[in-house]
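Analysis of the macromolecular model
Here is how the chains run, residue by residue.
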Amino acid sequence: MIRFRFGLTPLAEVEPWGAGRELHWFGLTDGWYGIDAGGHELLRYSARTVRELRGERDGRGAPHPYVEYYVVRLWEDVLALVSGAMEPVPPDLVGIAAEVAQEWPHLDTVETPEADAALTWHGAGYLYTGYLRIAPAVRLWRTVVGDDDTVTVAWRHEPDPEGVIEFTGPRTGRVTVPTSAFVAAVAELDRALLAAMDQRIAELAEFGAASDVRLDVEQLRRDHHERARRLPRALAHAPRTDWDAVRTGLRALLGRTP
């Protein structure tokens, strides 16, 4: 029903960072990723876009049909959703929770603690993709009605003004899955990425890197150990949203009753 997929760039092809040509944990996650949701593939480029990107590269390797970036960014931002957006939304606020890429008219004029509470709550539901070139807005929220505990993932693609980037999935969509399935998908992403990086660090420890590349294996191991602790912390985090403050802030921001 939902799955986070990724692949890492072959280790020999990972470009070291900066003037010091350093291989660090973040940079070693260079690769591609996408999201399978209810039969749709989010963050997968159309065939036309892949051809356009191939032309932009001027022969420097074929582009992948999925978004290419550091996989750790997807991992970090999904964990942020687990930490900040798993509090069930009250029934009267589900309609607002479902507004994706909403233009709220009074954002520049309303500055109150309640407005901040509303913006903080609504913003916590977005999967951050601002580092990508023309990426869809992806938002999720959780609802609990009786024994029915679900997470809804919604998205919206805005057209690329330059006409280069387009995705294969529908322009807008919404998929609802059991919360347990969403958490299991996050746990599998966490397990798979950490396992891949553990293998990558082991290879570097055994074979080293090029003589002009800065490599600190012990620092890589420390970073790896720290990141292995993040999912349990995210799952243990329990936001305590002041829903009355959110409602008040939404009335001020939207000019209407939620």
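Whatever comes next refers back to the structure up there.
What counts and how
Residues numbered from 1 in each chain as written. Predicted model: local features only at pLDDT ≥ 70, side-chain atom pairs only at ≥ 80, totals over all residues. Heavy atoms only, no water. Pairing = 2+ DSSP bridges. Helix = DSSP H or I, 4+ residues; strand = E, 2+ residues; numbered from the N terminus. Buried < 20%, exposed > 50% of the residue type's maximum accessible area, 1.4 Å probe, protein only. Contact = heavy atoms within 4.5 Å. Arc of directions from axis to C-beta. Core = buried A, V, L, I, M, F, W, Y, C linked by side-chain atoms within 4.5 Å. 1 Å grid on protein atoms, 1.4 Å probe; cavity = no way out; pocket = protein on both sides within 12 Å on 5 of 7 lines; lining within 4 Å. Points joined across faces, edges and corners; volume = space filled by probe spheres on them.

1. Here's the deal with the sheet that holds strand S8 (residues 148-156)
Taken together, the four strands give an open sheet; going across it, the order is S6-S7-S8-S9, and neighbouring strands pair in antiparallel fashion. The sheet is open, and its two borders are formed by strand S6 (126-127) and strand S9 (172-178), each paired with just one other strand. As paired elements, strand S7 (residues 137-145) and S8 share nine bridges and run antiparallel to each other. In the sheet register, Val138 faces S8, and the bridge partner there is Trp155.

2. Quick word on the environment of Val71
Its place among the elements puts Val71 in helix H2 (residues 71-84). With relative accessibility at 0%, the residue Val71 sits in the buried group. Expressed as a C-alpha distance, the spacing of Val71 and Ala209, which sit 138 residues apart in the sequence, is 21 Å. Among residues more than four places away in sequence, those in contact with Val71 are Phe6, Gly7, Leu8, Thr29, Gly31, Trp32, Tyr33 and Leu193.

3. Section: helix H4 (residues 113-123)
Those residues of H4 not exposed but buried are Ala115, Ala118, Trp121 and His122. Buried residues of H4, seen end-on, are gathered within an arc of 130° and therefore sit on one face of the element. The exposed set on the far side of H4, more than 90 degrees from its buried face, consists of Pro113 and Thr120. On its buried face, H4 is in contact with helix H3 (94-97), S6, S7 and helix H8 (243-254).

4. Structural notes on the side chain of Thr143
Mapping Thr143 onto the fold places it in strand S7. By relative accessible area, which is 15% here, Thr143 ends up buried. In contact with Thr143, not counting residues within four places along its chain, are Val89, Val94, Asp148, Asp149 and Thr150.

5. Brief notes about the nonpolar core
Counting 57 residues, the largest nonpolar core has Ile2, Phe4, Trp25, Tyr33, Leu140, Phe182 and Val186 as its most contacted members. Considering each element in turn, this core owes the most residues, eleven residues, to helix H5 (residues 179-207). Those residues in contact with Leu140 that sit more than four places away from it in its chain are Leu81, Ala85, Met86, Gly125, Val151, Thr152, Val153 and Phe182. Listed in part, the 18 residues of the second largest apolar core include Trp141, Val246, Leu250 and Leu253.

6. Examining empty space enclosed by the protein
Under the definition given, this model contains one cavity of 30 Å³ or more. In this structure, the largest cavity spans a volume of roughly 90 Å³. Residue lining of the largest cavity: Ile2, Phe4, Ile35, Ala37, Val78, Leu81, Leu127, Val138, Arg139, Leu140, Val153 and Phe182, and that is the complete set. If you tally residues by element for the lining of the largest cavity, the top one is S7, at three residues.

7. Considering the pairing of S8
The two faces of a sheet get side chains in turn, since along a regular strand they alternate between them. Remark: two residues form the turn of the hairpin made by S7 and S8, two consecutive strands paired antiparallel; Gly146 in that turn has positive phi of roughly 65°. Examined bridge by bridge, S8 and S9 share seven bridges and lie antiparallel to one another. When the sheet's bridge partners are listed, Thr152 is paired in S9 with Thr176.

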